[in-house]
Amino acid sequence: MAQETLNAGIEIQRRGEPARGGTFAHAFSGWRPGQESFLFFAPHDDDAAISVGLLIAEARRQGVPVRIVVVTDGRNGYVSLRDRAGIVERRVEETYASYEVLGVQKEEIAFLNFPDGGLQNYYGRRLAEVAEPKDDHGFTGLENHFVRELRRRVRVNGLEIAPTRIFVPSPADYHQDHVAVAR
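These lines cover the structure that appears in this document, whether it is placed above or below. Remember, it's a predicted structure, so these values are computed and weren't measured experimentally.

Thresholds applied
- Residues numbered from 1 in each chain as written.
- Predicted model: local features only at pLDDT ≥ 70, side-chain atom pairs only at ≥ 80, totals over all residues.
- Heavy atoms only, no water.
- Phe/Tyr/Trp six-rings, centres within 6.5 Å; stacked < 30°, edge-to-face > 60°.
- Helix = DSSP H or I, 4+ residues; strand = E, 2+ residues; numbered from the N terminus.
- Buried < 20%, exposed > 50% of the residue type's maximum accessible area, 1.4 Å probe, protein only.
- Lys NZ or Arg CZ within 6 Å of the ring centre and 35° of its normal.

## Some remarks on the packing of aromatic side chains
Okay, so step 1: Tallied over the entire structure, the rule returns 13 aromatic pairs.
Okay, so step 2: Each ring, one from Phe 38 and one from Phe 167, has its centre 5.1 Å from the other, and the planes form 65 degrees; the classification is edge-to-face. In this pair, Phe 38 is assigned in strand β3 (residues 38-42) and Phe 167 in strand β10 (residues 165-167), connecting sequence segments 129 residues apart.
Okay, so step 3: Using a relative accessible area of 18% as the deciding quantity, one classes Phe 167 as buried.
Okay, so step 4: An angle of 90 degrees between the planes, with centres 5.6 Å apart, marks the rings of Tyr 96 and Phe 111 as edge-to-face. Here Phe 111 lies in strand β5 (residues 109-114) and Tyr 96 lies in helix α4 (residues 87-101), a separation of 15 residues in the sequence.
Okay, so step 5: Assessed through its relative accessible area of 22%, Phe 111 is described here as partly exposed.
Okay, so step 6: An aromatic cluster is built from Phe 24, Phe 28, Trp 31, Phe 38, Phe 40 and Phe 167, whose rings are joined through pairwise contacts.
Okay, so step 7: In this structure, Arg 125 is placed above the aromatic ring of Phe 139, and the distance from its NZ or CZ to the ring centre is 3.8 Å.

Below, the structure is given as structure tokens:
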């Protein structure tokens, strides 16, 4: 895709008026060149690519580190029952392939593996039960896992920095997993 097309795609709402420009400095207030890092929380493997794929590609083009956190395991993403077996593994491979097109490498993608369609059961933090996603201390919950991801550092111009821009779905979305991630 041509650079002009990607640059034209940068449009961020600022004080009720759309901001347009050729760089992120024009679109984001307080932009610090060489000191920014983007973190995208995607309820499902395809959500960030579908909704803000051009933003991700432009960030990578401008040298901004990008990390994608896929919250659910995608187990409900099959069309027919014969596709059900192996769907989680297939979606992981498709995720790597689709984000690679946008300039995101495998090591920049994390999978939290919460059950697809059931995030409302994982608000907060609690001791994990058998077969639930858990951290090294045996805890589960969106708050628990999100805080861990927010604390991860990336190297930018020799500095270790936490994410400076965090992207989540709209809380006005209709899908229950999208709403849970937005909350």
